[in-house]
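# Observations on the model geometry
In case you want the letters, here they are:
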Amino acid sequence: MVIKELQVQNQLGFHARVASRITRCASGFESLVRVKKDGKNYDLKSVTGVMMANAKHGETVTVEFEGADEQEAAQAMEALFADKFGER
Amino acid sequence: MKGTVAVGGMALSQAYLVIDRKTDVSAYRVEKTDEELQRLQAASARCAKELSALIEGLRQDADPEQAEILDFQLLLLEDENYMGQIVHTIQKEQINCEYAVAHHSRLYREELSALDNPYLNERVADISDIEQRLLQALSCREKATLPTAPVIAVAQDLTPSQVVELGHGKLEGIILEKGGLSSHCVILARSMGIPCIIGAAGVLAQVEQGMPLLLDGETGEIVLSPDDETVRSYRQYKEARRQELCSLEQFRQAKTMTADGKTMKVYANITTNLEVPGVLEQGGEGVGLLRTEMLYMERDAAPDEETQFALYSAIVKGLEGRPLIIRTLDVGGDKSIPYLGISPEENPFLGYRAIRYCLDHPEIFRPQLAAILRAAAFGPVQLMLPMIAATDEVEQAKEAIDGVRRELKERGSATGPVSVGVMMETPAAAVMAEQLAEMVDFFSIGTNDLTQYLFAADRNNAQVAALNSYFQPALLRVVEHICRCAHEKGVEVGICGQAGEVEQLIPLWVGMGVDELSVSIPSIPRVRRRIKGCDTAACRELVERVLQCSSDTEVRKEVERWL
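In this report, we go over the structure that sits alongside the text. (Residues numbered from 1 in each chain as written. Chains lettered and ligands numbered in written order. Predicted model: local features only at pLDDT ≥ 70, side-chain atom pairs only at ≥ 80, totals over all residues.)

### Section: the overall build of chain B
Looking only at helices and strands, one finds 24 helices and 15 strands in chain B. Burial analysis of chain B (563 residues in total) assigns 43% to the buried set. Counting only contacts in chain B whose residues sit at least 6 apart along the sequence, the fraction spanning at least 24 positions is 68%. (Helix = DSSP H or I, 4+ residues; strand = E, 2+ residues; numbered from the N terminus. Buried ≥ 20, exposed ≤ 12 C-beta atoms within 10 Å, placed from the backbone. Contact = placed C-beta atoms within 7 Å.)

### Concerning the overall build of chain A
Per the secondary structure count, chain A includes three helices and four strands. Each helix (α) and strand (β) of chain A, taken in turn from the N terminus, gives the series β-α-β-β-α-β-α. Restricting to contacts in chain A with at least 6 residues of sequence separation, those with at least 24 account for 75%.

### A word on the sheet that holds strand S1 (residues 2–7) of chain A
All names here are of chain A. The four strands lie next to each other as S1-S4-S2-S3, forming an open sheet whose pairing is antiparallel. Here the strands that pair on one side only, and so sit at the sheet edges, are S1 and strand S3 (40–43). Averaged over all neighbouring strand pairs, the angle between strand axes comes to 30 degrees, with direction disregarded. As judged from the four bridges shared by strand S2 (residues 32–37) and S3, these two strands associate in the antiparallel manner. Among the inter-strand pairings, Arg-34 is bridged to a residue of S3, identified as Asp-43. On the sheet, helix H3 (residues 70–82) packs against S1, S2 and strand S4 (60–66) and is oriented at approximately 5 degrees with respect to S1. (Pairing = 2+ DSSP bridges. Axes fitted to C-alpha atoms, helices over the stretch in contact; angles between N-to-C directions.)

### With respect to the sheet that holds strand S6 (residues 212–216) of chain B
All names here are of chain B. With mixed pairing, the seven strands of this open sheet are ordered in space as S1-S5-S4-S3-S2-S6-S7. Two strands lie at the open edges of the sheet, namely strand S1 (4–7) and strand S7 (221–224), each paired on one side alone. Across the sheet, the axes of successive neighbouring strands diverge by a mean angle of 30 degrees, strand direction being ignored. Sheet topology note: the strand S4 (residues 171–176)/strand S5 (residues 196–198) ladder contains two bridges and is parallel. Bridged to Ile-174 within S5 is Cys-196. In the packing of helix H10 (residues 228–249) onto the sheet, contacts are made with strand S2 (10–18), S6 and S7, and the angle to S2 comes to roughly 110 degrees.

### Looking at the environment of Glu30(A)
Residue and element names in this part refer to chain A. With respect to the helices, strands and loops of the structure, Glu-30 is situated in the loop between helix H1 (16–26) and S2. Of the residues examined, Glu-30 has 13 C-beta atoms within 10 Å and is grouped as partly exposed. The spatial distance from the C-alpha of Glu-30 to the C-alpha of Asp-69 is 6.4 Å, given a sequence separation of 39 residues. Once residues lying within four places of it in the same chain are set aside, the contact partners of Glu-30 are Gly-67, Ala-68 and Asp-69.

### Things to note about helix H19 (residues 447–454) of chain B
Residue and element names in this part refer to chain B. Of all the eight residues making up H19, six are buried; the element is thus mostly covered by neighbouring parts of the structure. Of the residues making up H19, those classed as buried are Thr-447, Asp-449, Leu-450, Thr-451, Tyr-453 and Leu-454. Summarising the contacts, the buried residues of H19 are in contact with strand S12 (418–424), helix H17 (427–431), strand S13 (442–445), helix H20 (473–488) and strand S14 (492–495). Taken from the residues just after H19, Ala-456 is the one with a positive phi, measuring 50 degrees.

### Looking at the interface of chain A and chain B
Contacts between the two partners involve 19 residues from chain A, matched on the other side by 24 residues from chain B. For the side of chain A that touches chain B, the elements supplying multiple residues, two or more each, are H1 and helix H2 (47–53) of chain A. For the side of chain A that touches chain B, the residue count by class is six nonpolar, eight polar and five charged. (Nonpolar A, V, L, I, M, F, W, Y, C, P; charged D, E, K, R; others polar.)

### Observations concerning the pairing of strand S3 (residues 151–155) of chain B
Residue and element names in this part refer to chain B. In terms of burial, S3 is largely enclosed, as five of its five residues are buried. Side chains Val-151, Ala-153 and Ala-155 of S3 all project onto a buried face; the interleaved residues Ile-152 and Val-154 project onto the opposite face, where all are buried too. Taken together, the five bridges between S2 and S3 define a ladder with parallel strand orientation. Each bridged residue has a counterpart across the sheet, and for Leu-17 the counterpart in S3 is Val-154. Of the strand pairs in this sheet, S3 and S4 are connected by five bridges, and their pairing is parallel. Across the sheet, the residue bridging to Ile-152 is Gly-173, located in S4.

### Some words on the environment of Leu76(B)
Here Leu76(B) is to be found in helix H2 (residues 64–77). Judged by the 29 C-beta atoms lying within 10 Å of it, Leu76(B) is buried. What Leu76(B) contacts, discounting residues up to four positions off in sequence, is Val47(A), Tyr82(B) and Ile130(B).

### A short note on the packing of helix H1 (residues 33–60) of chain B against helix H3 (residues 82–93) of chain B
Residues and elements named next belong to chain B. Relative to each other, H1 and H3 sit at 155 degrees, their axes nearing to 9 Å. Relative to H3, the element H1 lies roughly antiparallel. Seen along the crossing, H1 lies across H3 with a hand that is right-handed. In contact with Thr-33, Glu-36, Leu-37, Leu-40 and Ser-44 of H1, H3 contributes Met-83, Ile-86, Val-87, Ile-90 and Gln-91. (Parallel < 35°, antiparallel > 145°, perpendicular 65-115°, else oblique. Left-handed = near helix turned anticlockwise from the far one by under 90°.)

### Some details on helix H23 (residues 536–547) of chain B
Residues and elements named next belong to chain B. Along its 12 residues, H23 runs 16 Å from first to last C-alpha, staying within 8% of the 16 Å computed at 1.5 Å per residue. Within H23, the full set of buried residues consists of Cys-539, Leu-542, Val-543 and Val-546. Within H23, the buried residues cover an arc of 105 degrees as seen down the axis, which keeps them to one side. Facing away from the buried surface of H23 by more than 90 degrees, the exposed residues are Ala-537 and Glu-544. Where H23 is buried, its residues meet H20, helix H21 (506–512) and helix H24 (552–562). (Expected span 1.5 Å × (residues − 1). Arc of directions from axis to C-beta.)

### Some remarks on the environment of Glu363(B)
Along the chain, Glu363(B) falls in helix H15 (residues 362–375). In this structure the C-alpha to C-alpha distance between Glu363(B) and Ala302(B), which are 61 residues apart in sequence, comes to 9.4 Å.

### Examining the packing of H20(B) against H23(B)
Residues and elements named next belong to chain B. At a minimum axis distance of 10 Å, the contact between H20 and H23 shows a crossing angle of 130 degrees. Relative to H23, H20 is oriented oblique. Of the two possible hands of crossing, H20 and H23 adopt the one that is left-handed. Each of Pro-473, Leu-476, Arg-477 and Glu-480 in H20 lies in contact with H23, whose residues at this interface are Val-543, Val-546 and Leu-547. Along the lines of polarity and charge, the residues of the contact of H20 with H23 split into five nonpolar, no polar and two charged.

### Structural notes on unusual backbone geometry
One non-glycine residue, Asp38(A), lies in positive phi territory at about 45 degrees. The topology assignment puts Asp38(A) in the loop between S2 and S3. Overall, Asp38(A) belongs to the exposed group, with 6 C-beta atoms counted inside 10 Å. The phi torsion at Gln94(B) lies on the positive side, around 50 degrees, for a residue other than glycine. The residue Gln94(B) is located in the loop between H3 and helix H4 (97–114) in this model.

### So, the nonpolar core
One finds Val287(B), Ile372(B), Val422(B) and Ile482(B) to be the most contacted residues of the largest nonpolar core, which totals 96 residues. For this core, the leading source of residues is H20(B), giving eight residues. If we ignore the near neighbours within four places in the chain, the residues touching Val287(B) are Tyr267(B), Ala268(B), Ile270(B), Val279(B), Leu319(B), Leu324(B) and Ile325(B). Among the nonpolar cores identified, the runner-up in size contains 55 residues, and Val8(A), Ala26(A), Leu75(B) and Tyr99(B) belong to it. (Core = buried A, V, L, I, M, F, W, Y, C linked by C-beta atoms within 7 Å.)

Structural data, given as structure tokens:
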């Protein structure tokens with residue numbers, strides 16, 4: 001399992017468009033991709049899961065990757081967070 | 001029955017009702033859950049297909065942001081939580097799809113509303129939207145077939161895509177129960193020259209599908225099943241209108257020229273890329289005013305640089321080499337946008353609006369400037385600053401533009417040359433026209449605001465409407481002053497307000513040497529015809545006489561005698 005601490009850098013946090021992008025990204029991999037927050041797990045392959053995770057600007061979230069392509073999944077997700085989900 | 005006139009003109013045709021009916025979602029027990037799940041599967045597949053087509057269309061219409069929001073709905077259809085629970089409920093409780101869809105949509109809306117995040121709270125609208133799509137697909141109702149004969153559309157409200165879909169030839173008129181004068185639908189109707197009445201409360205309850213209707217866009221009257229006499233008077237109107245269009249035909253694609261051979265330009269005022277085909281069809285020689293406010297409305301956050309770039313570049317390309325004047329964001333006044341956080345003001349027209357706001361908010365202003373500079377790589381683009389009242393505002397804006405250009409260069413983004421101009425709409429700018437002309441490449445006179453600011457008379461207040469007249473000598477003197485200052489410095493001057501298309505005033509604009517009139521799309525051939533009838537020297541004489549007038553009435557007499 002790979003665990004990453006990722007910071008939400010875009011202004012609006014996990015809003016609808018960002019949720020779509022995260023879900024599209026996570027779904028590209030076999031591995032489980034989930035956020036651990038306040039003792040709960042949120043599946044990032046589910047657009048509702050991303051939204052319920054409700055991460056805001058500046059917040060750091062713990063993301064777990066587990067499966068055959070966990071390294072690649074972690075890299076892709078890290079890049080997406082670093083790119084502020086493609087927002088300016 | 002009456003409503004508010006949004007677009008003038010008359011139409012007589014059969015009613016075409018555009019209605020969203022609510023589906024029955026009450027629960028009933030099903031024996032064969034397998035069949036029920038197949039039904040859900042089929043409905044979901046159909047929605048996915050519809051959504052994919054819509055998304056594709058939006059990407060082509062240069063609205064990637066809207067496309068991504070629909071993509072969110074597409075993801076919901078595949079979602080383990082949302083769809084998974086619906087499936088689970090159907091299986092476990094042996095219950096019908098409609099109930100399960102409505103039930104879980106409601107639960108999920110409640111969950112979303114409870115989050116402490118306004119951006120997510122607002123997404124309940126998407127849940128409702130996908131719920132309606134699923135329910136509609138489940139009820140197996142095909143999307144209403146498009147009319148084959150001309151119709152008058154009657155609806156609560158129409159989306160821009162519905163207006164476009166109903167199309168040019170088929171759609172003779174629009175009647176809406178709701179609708180606003182500056183709504184997308186109304187703007188499109190105006191640019192397509194389709195008569196439109198809004199605020200006709202209760203019309204849907206009285207009109208039946210296919211019922212003959214007369215829409216009178218002069219009075220706002222809607223006549224259901226009109227009698228023979230009404231139909232006769234409509235035919236007369238229609239014939240007069242046909243003759244008028246016929247006589248205008250030769251002015252559609254012609255070059256704009258005065259009687260003595262001096263060239264002028266007739267441009268169009270537009271708000272969306274959907275209007276570009278109309279501009280070309282009516283023979284607009286360019287766009288003299290692209291209002292960008294609409295792009296910022298009906299959103300949760302300002303459109304980013306890419307979204308704006310996609311739209312502006314689509315318009316530039318669509319204009320096939322004709323010039324495009326983009327006005328930077330003109331917010332405030334009567335146009336409020338919640339996420340910009342402009343607090344309510346006692347005098348919004350004299351308040352924090354347009355360039356005043358933009359200069360203080362680089363995070364909003366700079367992406368727009370960048371998108372405009374980049375779009376200029378595809379064709380001639382000019383940038384226009386609204387609500388300029390002092391020269392230092394122009395200086396600051398130009399600094400911002402230079403800064404953004406440098407940034408784009410570093411980033412390696414392609415840009416094109418962009419000339420910078422100002423709206424002449426405050427009396428202060430008009431007084432300083434000479435100094436402003438030193439700083440910019442062009443002026444565009446916004447006669448609507450200039451008139452209301454000059455006379456300190458609210459244009460939405462009927463009691464002071466008489467002062468708000470384009471025939472007032474004070475206004476004409478100011479316009480003359482602006483034109484003279486512009487020409488002394490070799491700066492082009494245009495008019496993008498309503499006064500530009502007033503038949504009786506056009507000889508004055510010719511006489512003052514205005515270079516370009518930017519008008520509503522359907523007016524282009526008419527304005528060009530008027531210019532064709534004007535001799536520059538005779539118009540100049542008329543201007544001299546009018547400048548000596550001391551009242552609105554005297555000016556009216558002079559110009560009417562001249563015609």
